[in-house]
Amino acid sequence: MKSELYSKHAEKYDAAVQNNIYNAHLERPSLQAMLGELTDCNILDLGCGTGVYTEYLFKQGASTVTCIDYSQDMINLVTNKLGTLFGNRITAYAHDLTKGLPNEAPNSFDVIICPLVLHYIEDLSFVFEEIHRVLKVGGYMVFSTHHPFADFECSLSGNYFERERITETWNTVGEPVEVTFYRRSLTEIMTAITSNGLAVTEITEGKVDEKAKVIDEKTYEHLSKNPNFIFVKCQKMA
Ligand SMILES: C[S@@+](CC[C@H](N)C(=O)[O-])C[C@H]1O[C@@H](n2cnc3c(N)ncnc32)[C@H](O)[C@@H]1O
């Protein structure tokens with residue numbers, strides 16, 4: 001689901017997520033806490049955005065990182081920021097994940113991350129089929145997505161179990177930008193994972209960092225008491 005937030009506003013988005021509450025003090029620390037030792041790992045960063053995670057993965061010792069995002073503006077930012085630093089250890093290209101991962105070889109990644117991307121994709125099953133194909137046996141994927149309970153608050157149908165396309169206006173970059181995503185049940189997310197040969201090994205609901213208190217106390221209080229994202233680790237057993 002394309003949004004100008006990740007194309008026209010890519011640079012502003014990059015600046016915003018460096019130190020905002022939702023990304024820097026809730027989502028990233030919560031997802032990073034689920035990653036194991038990354039030294040010498042070949043990692044796939046799905047929906048890499050501006051490369052904040054990519055840089056982190058290299059700092060943790062990743063051998064190579066492949067970055068995929070359907071926004072060419074995001075890929076340009078990643079290449080400009082990290083291309084020279086990491087040379088041939090980084091591959092970054094624009095591609096729509098709903099078309100699968102045709103450029104990636106079977107059994108080629110130790111770790112896959114996919115932070116805050118899956119709510120933009122309607123058919124999760126095909127994406128997980130492809131993730132299973134390109135992961136090495138024993139390798140794992142960690143992703144975050146909107147928490148189904150949080151998203152149910154914006155349901156128009158009132159039917160939690162029915163997938164819904166939702167359009168909202170967000171102020172992430174300091175001006176209103178429309179964003180469209182899919183709201184879905186926890187059952188739908190879990191079924192997409194397990195019916196494609198992956199085993200769920202950990203689920204968390206994240207924890208907002210106390211540092212967020214000084215940025216915006218009201219938002220900090222809200223996030224301390226209400227789930228916003230869900231974090232899942234799943235492994236390829238065979
Ligand atoms: C909220 S941003 C997250 C970026 C990055 N993962 C992070 O956490 O900083 C979502 C990203 O997913 C990308 N995206 C959304 N749908 C996609 C799709 N079907 N294929 C590839 N990338 C997609 C967007 O372009 C955007 O860069």
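Please refer to the structure higher up on the page.
Nothing here was measured: the structure is a model prediction, and the numbers come from that model.

Cut-offs used in this document
- Residues numbered from 1 in each chain as written.
- Predicted model: local features only at pLDDT ≥ 70, side-chain atom pairs only at ≥ 80, totals over all residues.
- Heavy atoms only, no water.
- Near = heavy atom within 4 Å.
- Polar contact = N/O pair within 3.5 Å; in protein donor to acceptor, adjacent residues only side chain to side chain.
- Areas by Shrake-Rupley, 256 points an atom, 1.4 Å probe, with all protein chains shown as cover.
- 1 Å grid on protein atoms, 1.4 Å probe; cavity = no way out; pocket = protein on both sides within 12 Å on 5 of 7 lines; lining within 4 Å.
- Sits in = over half its atoms within 2 Å of the grid points.
- Nonpolar A, V, L, I, M, F, W, Y, C, P; charged D, E, K, R; others polar.
- Phe/Tyr/Trp six-rings, centres within 6.5 Å; stacked < 30°, edge-to-face > 60°.
- Buried < 20%, exposed > 50% of the residue type's maximum accessible area, 1.4 Å probe, protein only.
- Lys NZ or Arg CZ within 6 Å of the ring centre and 35° of its normal.
- Core = buried A, V, L, I, M, F, W, Y, C linked by side-chain atoms within 4.5 Å.
- Helix = DSSP H or I, 4+ residues; strand = E, 2+ residues; numbered from the N terminus.
- Contact = heavy atoms within 4.5 Å.

Participant: How would you summarise the site of the ligand if you had to cite specific residues and measurements?
Facilitator: Near the ligand, the surroundings consist of 18 residues, among which G47, D69, D96, L97 and P115 are the closest. Contact distances for the ligand include 2.9 Å between a nitrogen atom and a side-chain N or O atom of D96. Between P115 and the ligand, the recorded distance is 2.9 Å, taken from a backbone N or O atom to a nitrogen atom. Surface burial for the ligand is 99%, taken as the share of its 600 Å² of free accessible area covered by protein chains. Of all the cavities here, the one that holds the ligand is the largest pocket. Its residues placed into classes, the shell around the ligand shows 12 nonpolar, 4 polar and 2 charged.

Participant: How would you sum up the packing of aromatic side chains? Please name residues and give values.
Facilitator: What describes a pair of aromatic rings is the distance from one ring centre to the other and the angle between the planes of the rings. Per the counting criterion, the structure on display carries 9 aromatic pairs. The interplanar angle of 85° and the centroid separation of 5.5 Å between the aromatic rings of F152 and Y160 together place this pair among those described as edge-to-face. Seen in terms of ring centroids, F229 and F231 are 6.4 Å apart; in terms of plane orientation they differ by 85°. Their pairing is edge-to-face. Each of the two residues, F229 as well as F231, counts as buried. Here the aromatic residues F149, F152, Y160 and F161 are joined through ring pairs into a cluster of three or more. A cation over a ring is seen here: K233 above Y140, with NZ or CZ 4.3 Å from the ring centre.

Participant: Lay out the nonpolar core with the relevant residues and their values.
Facilitator: With 31 residues, the main nonpolar core has L35, I43, L57 and V111 as its most contacted residues. Looking at this core, the elements that each hand over two or more residues are α2 (21-32), α3 (52-59), β2 (64-69), α4 (72-86), β4 (109-115), β5 (135-146), α9 (217-225) and β9 (229-236). Of the residues forming this core, the biggest block, 4 residues, is contributed by α4. In contact with L35, other than residues within four places in its own chain, are Y56, L57, V111, I113, Y140 and V142. The next biggest cluster of nonpolar side chains, apart from the first, holds 28 residues, and it includes L46, I68, M141 and C234.

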